[in-house]
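Residue-level structural notes
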Amino acid sequence: MNWCLALAGSLAVLSTASLMPVASAAPTTQDVPFNGTVAGSCVFSGTVGGTLGQVMPKYGWVEASGGIPGMAPNLPAGQTMINCNSPAQLSTSVPVAVSVPASFNPQKLQSLVYDGINYTTAYSGGSTFDSGAWNKPTTPIAIPMGVDVPLQVGMVAGTRSFTSDVPSGTYEYTVTLTATPN
């Protein structure tokens, strides 16, 4: 019987001990900060070059601007798409000759960019190529954030003589588009 009492007493002590609150360690926390800067950027895609040629005999220039409203439809303009991760401003450069016949000395060079609504242009040789379709602002085009914006890129190089053909040969120019995120 002593044995039973000892067992019962032990069980009573153990059950009381299990009901007693046990002191536990308080949790410790630490916040880990993160920061950084995402720079504004733009991506051009789907670029297709334009086709340069003389619009008509005895016109003293080469041109690629077909598809841009008001421009000659037979020589296709270049095309590209732009998408920016922040609003941006798009400007263009004057066409730069890569390869032209040695006897071709254009008095005027002009590029023209059209986004479906707005135009921007860059030119050298005095004023714009003419007071009609080429007479557009040099103000950059506003590019919205996160939208694919199709661009038509035209160019012209030469004189407005209407009396001479351009020399035969291969004509290569580059027009540089610059997107500057805001």
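Look up: the structure comes first, before these words.
Here's a quick rundown of the structure. Position numbers for residues count from 1 along each chain, tracking the sequence in the order it is written. Confidence filtering applies because this is a predicted model: local features only for residues at pLDDT of at least 70, side-chain atom pairs given and counted only at 80 or more, and all residues used for totals across whole chains, interfaces and linings. Only hydrogens and water are removed before side-chain values are computed, so all heavy atoms of the structure are retained for them.

Further remarks concern the layout of surface pockets. Both cavities and pockets are sets of points on a 1 Å grid over the protein atoms alone; in a cavity a 1.4 Å probe fits but cannot get out, in a pocket the set is open with protein on both sides within 12 Å along at least five of seven lines, and lining residues sit with an atom within 4 Å of a point. Grid points are joined across faces, edges and corners, and a volume is the space filled by probe spheres set on the points. Computed from the structure, the largest pocket encloses a volume of approximately 340 Å³. Looking at the lining of the largest pocket, the elements that each hand over two or more residues are strand E1 (42–48), strand E4 (78–84), strand E10 (149–158) and strand E11 (172–174). Of the residues that constitute the lining of the largest pocket, the class distribution is 10 nonpolar, 8 polar and 1 charged. Secondary structure follows DSSP: runs of H or I at least 4 residues long count as helices, runs of E at least 2 residues long count as strands, and numbering of each begins at the N terminus. Asp, Glu, Lys and Arg are counted as charged, while Ala, Val, Leu, Ile, Met, Phe, Trp, Tyr, Cys and Pro are counted as nonpolar; the rest, among them Gly, fall into the polar class.

This next bit is on the side chain of Thr121. If you trace the backbone, Thr121 turns up in strand E8 (residues 119–124). Relative accessibility under 20% of the residue-type maximum defines a buried residue, over 50% an exposed one, and the middle range a partly exposed one, all with a 1.4 Å probe and only protein chains included. Thr121 sits in the buried class, given a relative accessible area of 2%. Definition of a polar contact: a pair of N or O atoms within 3.5 Å, with one able to donate and the other able to accept a hydrogen when the atoms are protein atoms, and with sequence-neighbouring residues admitted only if both atoms are side-chain atoms. A polar side-chain atom of Thr121 sits 2.7 Å from a polar atom in the side chain of Gln110. Any two residues having at least one pair of non-hydrogen atoms within 4.5 Å are treated as being in contact. Not counting residues within four places of it along the chain, the set of residues in contact with Thr121 comprises Thr92, Gln110, Ser111, Leu112, Lys136, Pro137 and Thr138.

Next up on the list: the pattern of salt bridges. Any carboxyl oxygen of Asp or Glu within 4 Å of a side-chain nitrogen of Lys or Arg constitutes a salt bridge here. All chains considered together, the criterion is met by 2 salt bridges. Between Asp165 and Lys58 there is a salt bridge; the shortest N-O distance is 3.9 Å. Highlighted residues: Asp165 in the loop between E10 and E11 and Lys58 in the loop between strand E2 (53–54) and strand E3 (61–64), separated in sequence by 107 residues. Note on Asp165: relative accessible area 40%, which makes it partly exposed. With relative accessibility at 42%, the residue Lys58 sits in the partly exposed group. Arg160 serves as the salt-bridge partner of Asp130, at 3.6 Å between the closest nitrogen and oxygen. Of the two residues, Asp130 sits in the loop between E8 and strand E9 (141–143) while Arg160 sits in the loop between E10 and E11, which places them 30 residues apart along the sequence. The exposure class assigned to Arg160 is partly exposed, which follows from its relative accessible area of 33%.

All right, on to the packing of aromatic side chains then. Two aromatic rings, drawn from Phe, Tyr or Trp (for Trp, its six-membered ring), form a pair once their centres lie within 6.5 Å of each other, and the interplanar angle then sorts them: stacked below 30 degrees, edge-to-face above 60, tilted otherwise. Within this structure, the stated rule accounts for 7 aromatic pairs. Seen from their ring centres, Phe129 and Trp134 are 6.3 Å apart, and the 75° between their planes marks the pair as edge-to-face. In terms of burial, Phe129 and Trp134 fall into one category: buried.

The subject of this paragraph is the sheet that holds E9. Two strands pair if DSSP finds at least two bridges between them. Read across the open sheet, the 3 strands follow the order E9-E5-E12; overall the sheet is antiparallel. The sheet is open, and its two edges are formed by E9 and strand E12 (177–181), each paired on a single side. If you compare each strand with its neighbour and ignore which way they point, the axes differ by 30° on average. As paired strands, strand E5 (residues 88–92) and E12 are joined by 5 bridges and run antiparallel to one another. Bridge assignment links Ala88 to a residue of E12, and that residue is Pro181. For helices, the fitted axis covers only the stretch in contact; all axes are lines through C-alpha atoms, and the angles between them, taken along N-to-C directions, range from 0 to 180 degrees.

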